[in-house]
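So the chains spell out like this:
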Amino acid sequence: MSWITWPFRFIGFWAWFALEMVRANVTVLRDNLTPGQDSTPGIIRYSTRCRGDAELTLLASLITLTPGTLTLGTTTQAPGAARVPGGRGEDADAGAPDARYLFVHGMYQADAEELRDLVHDLESRMLAAVRRQGGDA
Amino acid sequence: MMIGIDIAIGIVVVAWLASAYRILKGPTEADRAIAGDLLLFGMVALVALFGVRIASAATFDIVLVAAFVGFLGALSLARVLMRGKR
Amino acid sequence: MNALAVIGTVLAIVGALIFATAALGVVRFPDAYSRISAVGTAGGLGVVFVVVGALLTQPTVADTVKVALIIVLQLATSAVGSIALARSAYLTGTRMHEPRYDELDAE
């Protein structure tokens with residue numbers, strides 16, 4: 001990964017995102033045009049790997065732009081800090097000291113893990129596309 | 001060819017009426033606020049489409065200003081929902 | 001009638017259809033959060049498609065510059081507006097319709 005491949009990674013990411021938008025739009029439209037509701041809404045706390053406000057803002061905006069998912073907000077507070085005992089999610093995020101969290105609302109994922117996988121996939125592709133030296137650097 | 005633009009105008013007007021319905025009906029304040037947001041975006045799209053229809057030179061200036069300040073509407077609605085708290 | 005105008009008209013209709021999708025969502029979705037999600041898509045992409053379509057029907061250099069600015073501003077600001085609305089909706093206690101999971105609960 002280097003400067004040379006960066007423009008191709010960048011363009012490739014937007015092509016992938018456009019396809020993903022179409023797919024999500026079809027899901028929303030199918031639910032809306034058929035009688036009844038088959039959405040399974042929920043909110044997850046997602047631990048991001050973004051560095052800096054620019055990457056975090058881009059990820060939050062991309063989540064909001066995708067039909068069916070929505071960013072509700074962000075926090076630096078570790079999970080469990082104000083959590084009632086026995087609540088969900090105490091096992092999921094260990095949480096680095098300076099970790100940032102996004103709250104993501106999803107409509108067509110069966111459970112929290114499926115939505116977490118979706119956001120994780122989007123984040124990995126986005127970081128690989130915007131960072132000059134590649135996503136894992 | 002303008003018939004295509006006319007079709008687009010018709011579709012956006014229907015979307016506009018739908019969000020007006022949600023403002024009148026909407027059970028919670030958040031529903032009304034988000035319908036108002038869609039109303040603004042529909043207005044911007046209508047300005048762009050009508051500008052093509054009447055071949056006006058000022059079209060994209062108006063849309064540019066709307067894109068600059070449009071998000072302030074959503075932010076103020078969010079503040080109104082919070083009753084001024086943050 | 002040239003090819004650019006045809007493409008522009010098609011893009012304008014696609015943008016209008018994105019608006020129709022959002023309006024359908026605003027009318028039919030059961031709670032405020034799913035409606036905000038629908039509008040977040042239309043506000044960004046619908047406006048961009050319609051404006052690019054309008055540009056391609058009568059392209060000039062000055063208008064192209066303005067449209068490039070509009071696209072950047074619109075994509076950046078519409079998502080921020082939707083996120084702010086969703087945040088205040090949650091903080092003022094708007095309920096979800098039959099939630100399956102809620103990790104923001106009790107915080």
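Source: prediction; values computed, not measured. (Residues numbered from 1 in each chain as written. Chains lettered and ligands numbered in written order. Predicted model: local features only at pLDDT ≥ 70, side-chain atom pairs only at ≥ 80, totals over all residues. Heavy atoms only, no water.)

Section: the overall build of chain B
(1) Moving on: Helix and strand content of chain B: three helices and zero strands.
(2) Moving on: Walking chain B from its N terminus toward its C terminus, one meets helices and strands in the order α-α-α.
(3) Moving on: The buried share of chain B, reckoned over its 86 residues, is 43%.
(4) Moving on: Nonlocal contacts in chain B, meaning residues at least 24 apart in sequence, comprise 49% of its contacts between residues at least 6 apart.
(5) Moving on: With an accessible surface of roughly 4300 Å², chain B has 75% of that area assigned to carbon and sulfur atoms. (Helix = DSSP H or I, 4+ residues; strand = E, 2+ residues; numbered from the N terminus. Buried < 20%, exposed > 50% of the residue type's maximum accessible area, 1.4 Å probe, protein only. Contact = heavy atoms within 4.5 Å. Areas by Shrake-Rupley, 256 points an atom, 1.4 Å probe, with all protein chains shown as cover.)

Details of the overall build of chain C
(1) Moving on: Each helix and strand in chain C was counted, giving three helices and one strand.
(2) Moving on: Order of helices (α) and strands (β) in chain C, N terminus to C terminus: α-α-α-β.
(3) Moving on: Looking at chain C as a whole, 59% of its 107 residues are labelled buried.
(4) Moving on: Of the contacts formed within chain C by residues at least 6 apart in sequence, a portion of 72% connects residues at least 24 apart.

Quick word on the interface of chain B and chain C
(1) Moving on: Across the contact, 41 residues belong to chain B and 47 residues belong to chain C.
(2) Moving on: At the boundary of chain B with chain C, total buried surface from both sides reaches about 3700 Å², with 82% on carbon and sulfur atoms.
(3) Moving on: There are two salt bridges connecting chain B and chain C.
(4) Moving on: Among the salt bridges present, the one from lysine 66 of chain C reaches aspartate 61 of chain B, with a minimum N-O distance of 3.3 Å.
(5) Moving on: At the junction of chain B with chain C, the criterion picks out four residue pairs in polar contact (both at pLDDT 80 or more).
(6) Moving on: Elements represented by at least two residues in the side of chain B that touches chain C include exactly helix H1 (2-25), helix H2 (29-53) and helix H3 (59-81) of chain B.
(7) Moving on: Per element, the largest residue contribution to the side of chain B that touches chain C is 13 residues, and it comes from H2 of chain B.
(8) Moving on: In the side of chain B that touches chain C, the residues fall into 33 nonpolar, three polar and five charged. (Buried area = accessible area lost by both parts, 1.4 Å probe. Salt bridge = Lys/Arg side-chain N within 4 Å of Asp/Glu carboxyl O. Polar contact = N/O pair within 3.5 Å; in protein donor to acceptor, adjacent residues only side chain to side chain. Nonpolar A, V, L, I, M, F, W, Y, C, P; charged D, E, K, R; others polar.)

Considering the UniProt feature "transmembrane region" (unreviewed entry) in chain C
(1) Moving on: Within the UniProt annotation, "transmembrane region" (unreviewed entry) is assigned to residues 6-29, 36-56 and 68-90 of chain C.
(2) Moving on: In residues 6-29 of chain C, the share of helix is 96% and the share of strand is 0%. The end C-alpha atoms are 34 Å apart. (UniProt positions renumbered as here; feature names shortened; annotations may be inferred.)

A few points about unusual backbone geometry
(1) Moving on: In this model, alanine 55 of chain B sits at a positive phi of 55°, which is unusual for a non-glycine residue.
(2) Moving on: You can see alanine 55 of chain B is positioned in the loop between H2 and H3.

Considering the pairing of strand S2 (residues 69-75) of chain A
Every other side chain in a regular strand lies on the same face of the sheet, so the side chains alternate between the two faces.
Residues and elements named next belong to chain A.
(1) Moving on: Most of S2 sits out of view: six of its seven residues are buried.
(2) Moving on: Sheet analysis places S2 next to strand S3 (residues 100-106), joined by six bridges and oriented antiparallel. Among the inter-strand pairings, leucine 70 is bridged to a residue of S3, identified as histidine 105. (Pairing = 2+ DSSP bridges.)

Regarding the interface of chain C and chain A
(1) Moving on: Each partner contributes residues to the interface: chain C has 32 residues there, and chain A has 44 residues.
(2) Moving on: Here chain C meets chain A over a buried area of about 3200 Å², counting both sides, of which 63% is carbon and sulfur.
(3) Moving on: Taken together, the connections running from chain C to chain A amount to zero salt bridges.
(4) Moving on: Seen at the junction of chain C and chain A, the total is two residue pairs in polar contact (both at pLDDT 80 or more).
(5) Moving on: Sorting the residues of the side of chain C that touches chain A by element identifies helix H1 (3-28), helix H2 (32-57), helix H3 (61-91) and strand S1 (101-102) of chain C as the ones contributing at least two each.
(6) Moving on: A total of eight residues in the side of chain C that touches chain A trace back to one element, the largest contributor, which is H2 of chain C.
(7) Moving on: Tallied by class, residues from the side of chain C that touches chain A come to 16 nonpolar, nine polar and seven charged.
(8) Moving on: Of the pairings in the sheet, the one linking strand S1 (residues 42-48) of chain A to S1 of chain C comprises two bridges and is parallel in character. Each residue of the ladder has a partner; that of isoleucine 43 of chain A, found in S1 of chain C, is aspartate 102 of chain C.

Notes on the nonpolar core
(1) Moving on: Formed by 80 residues in total, the largest nonpolar core has its most connected members in Leu72, Val104 and Leu122 of chain A, Leu49 of chain B together with Phe19, Val51 and Leu85 of chain C.
(2) Moving on: Within the second largest apolar cluster, five residues are counted, among which are Val28 and Tyr108 of chain A together with Phe29 and Ala38 of chain C. (Core = buried A, V, L, I, M, F, W, Y, C linked by side-chain atoms within 4.5 Å.)

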